[in-house]
Amino acid sequence: MATAAGSVLTEEQLLCPICLDLFNQPVSTPCGHNFCRDCIQGYWQCANLSQCPMCKQKFYRRPELKVNTFISEVASQFRKSSGKKDENGASTVDQYSGNKGEVSCDVCVGKGVKALKSCLDCLASFCETHLEPHHVLGTFKKHRLINPMMNMQDRVCEKHEKLLDLFCYTDQTHVCQICIKKDHSAHHIVPIADESRDRRAQIERINAKVEEMIHGRLEKISEINQSVQLSSGNTEREIEESLQVFNNLLHSVQKGQAELVEVIGARQKQVEGKTRGLIMELEQEIEELRRRNTELEQLSHTEDDLYLMKSFPVFSALPDTKDWSDTCVESAVHVGTVRRAVRRVACQLEETVKAEVKRLCETEFQRAQQCAVDVTLDPDTAHPKLVLSENRKQVYHGDVALNLPDNPERFYPGVSVLGKEGFSSGRLYYEVQVKGKTEWDIGVGLQSVNRKGGNMLNPETGYWALGMRKDNSYWALSSTPIRVPLTGKPQRVGVYVDLECGQVSFYNVDSASHIYSFTGYTFTERVFPYFNPRRNHGGVNSAPLIILPVYN
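Procedures and definitions
- Residues numbered from 1 in each chain as written.
- Predicted model: local features only at pLDDT ≥ 70, side-chain atom pairs only at ≥ 80, totals over all residues.
- Heavy atoms only, no water.
- Pairing = 2+ DSSP bridges.
- Helix = DSSP H or I, 4+ residues; strand = E, 2+ residues; numbered from the N terminus.
- Salt bridge = Lys/Arg side-chain N within 4 Å of Asp/Glu carboxyl O.
- Buried < 20%, exposed > 50% of the residue type's maximum accessible area, 1.4 Å probe, protein only.
- Phe/Tyr/Trp six-rings, centres within 6.5 Å; stacked < 30°, edge-to-face > 60°.
- Lys NZ or Arg CZ within 6 Å of the ring centre and 35° of its normal.

## Re the sheet that holds strand β5 (residues 145–146)
If you walk across this open sheet you meet the three strands as β4-β3-β5, and the pairing is antiparallel. Looking at which strands have only one partner, the edges of the open sheet turn out to be β4 (124–126) and β5. Of the strand pairs in this sheet, strand β3 (residues 117–119) and β5 are connected by two bridges, and their pairing is antiparallel. For Ser118, the partnering residue across the bridge sits in β5 and is Ile146.

## Section: the pattern of salt bridges
Counted under the stated rule, the structure contains 16 salt bridges. For Lys452, the salt bridge identified is with Asp406, shortest N-O distance 2.7 Å. Of the two residues, Lys452 is situated in strand β15 (residues 452–453) and Asp406 in the loop between β10 (394–397) and β11 (412–413); the sequence distance between them amounts to 46 residues. We classify Lys452 as partly exposed; its relative accessible area is 28%.

## A closer look at the packing of aromatic side chains
Going through the model one piece at a time under the given rule, you end up with twelve aromatic pairs. Taken together, a centroid distance of 6.2 Å and an interplanar angle of 80° make the contact between Phe365 and Tyr429 edge-to-face. Of this pair, Phe365 sits in helix α10 (residues 337–369) while Tyr429 sits in strand β13 (residues 427–433); the two residues are 64 residues apart in sequence, bridging distant segments of the chain. Assessed through its relative accessible area of 0%, Tyr429 is described here as buried. Between the aromatic rings of Phe506 and Phe518, the centroid separation amounts to 6.3 Å while the plane-to-plane angle is 75°, which identifies the pairing as edge-to-face. Of this pair, Phe506 sits in strand β20 (residues 503–508) while Phe518 sits in strand β21 (residues 513–518), and the two are twelve residues apart along the sequence. Note on Phe518: relative accessible area 2%, which makes it buried. Each member of the aromatic cluster is reached from another via a ring pair, and the members are Phe365, Tyr429 and Tyr507. Sitting above the plane of the Phe167 ring, Arg199 keeps its charged end 5.2 Å from the centroid.

## As for unusual backbone geometry
Here the amide bond leading from Tyr412 into Pro413 is cis, since omega sits at 10°, within 30 degrees of zero. Inspection of the secondary structure puts Pro413 in strand β11. Notably, Asn472 is not glycine yet its phi reads approximately 60°, a positive angle. Position of Asn472 relative to the elements: it lies in the loop between β16 (463–468) and β17 (474–476). Phi is positive for Arg534, close to 60°, though the residue is something other than glycine. Along the chain, Arg534 falls in the loop between β22 (527–532) and β23 (545–548).

Here it is as structure tokens:
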């Protein structure tokens, strides 16, 4: 029976319209069409709508599906008798499957025919052939056609099965014409097309912002690369300078060593020259004595007695020679020569080091000045007795306290003030005139420093400062203050801060010389320039601290 049916039925009659393969557990819908059970259930789940994929008949209640045993048996027999594939080795389903990502015509189900348009009123997609009624029939001409889109059922209201063509601002959801009459009657409703235009405008603004962010980050990458190149150039320059400095120092040592060797060699040559003269003189006397020895030997053996008697007086006297008993030659002993040479080299080396240090300080100072920033005083932090100039570039201690609010940022009782500008990265430099003052403190302080009560100025409390006191002494204000010996009295002091390297340095601007540096610190928050003109002591210390423009 199965064989007879298999010979009568064609393969196409036993193909599932959805998967285009032989039926697997075939089921029948109330409208009479057959599908694989998994295929139809998957279709209904994806479409979120119970309808027949072939005739589009809708089922208001999802039907209970049972396997059609007859069709299942026929398909099984057909599968056993004919397991054919095409000449390329592809199964039958491959011949009818459409390209992935393309929208297929909903009428040509199972054939994978590409759709030309989708209809918002029919809620279906059509190929060129099945789209013809929309161009010919008057009723269909009014339908709204759009480019092919997948999942057209997603555009239908699940509750009223009408097109979702409106947007509810109140509930921020898509609704249909019936929804606004029932559940959204008092809500703010706009057509989706209008809302879409607004959203497109928002997208353009967001996209412009995104492009701006991309551009900003590309510029930041370029800036970072430039910084790396600049750092590489600075590193090469520092290496060249260091090689030059140490080569100069090494040249001084080598020159001193060569001079010492020359002095010692000259001393040895002098000893050798004197020795050669003495030896020549001794050799001459030896030759004379040997000659006299020979003559005496011959005279002693002569048989002529008369000749011996006559000659004896002449040969009896010894040749005129030098008394060598007290003559001695001392070897070259260089007592103190090396010491004196090393001291001389050390003095020369000291002069060379001083010259190199001076040159390096000048170079270092010039580079620090290149990091100059504009600094002004912050009146909200100033002690009530501090008087600030109108341009906020000068400060001195007055006799009368100003009536100012005691805000948390204000210093009291310490007569201090911070700069208005704070810095969290990079490098900064500023100069302060201290001319005419007998006491002062300047440097930088962290944003979180304690503004109330007595302030101990040191890095542990958030301050890196240099101070001058009444006895003309200068101090680096660390936990244990360090006295800094200075040959001259600075009239202008430069403050340099490298937040990345953790360094705070002070310079004598007039001599372009280095005073003191705090190094090896980590700054975890913003730092602000710090100023303390200290009390005026009856006018003795009334001169102001003045923030100066930097001229490199």
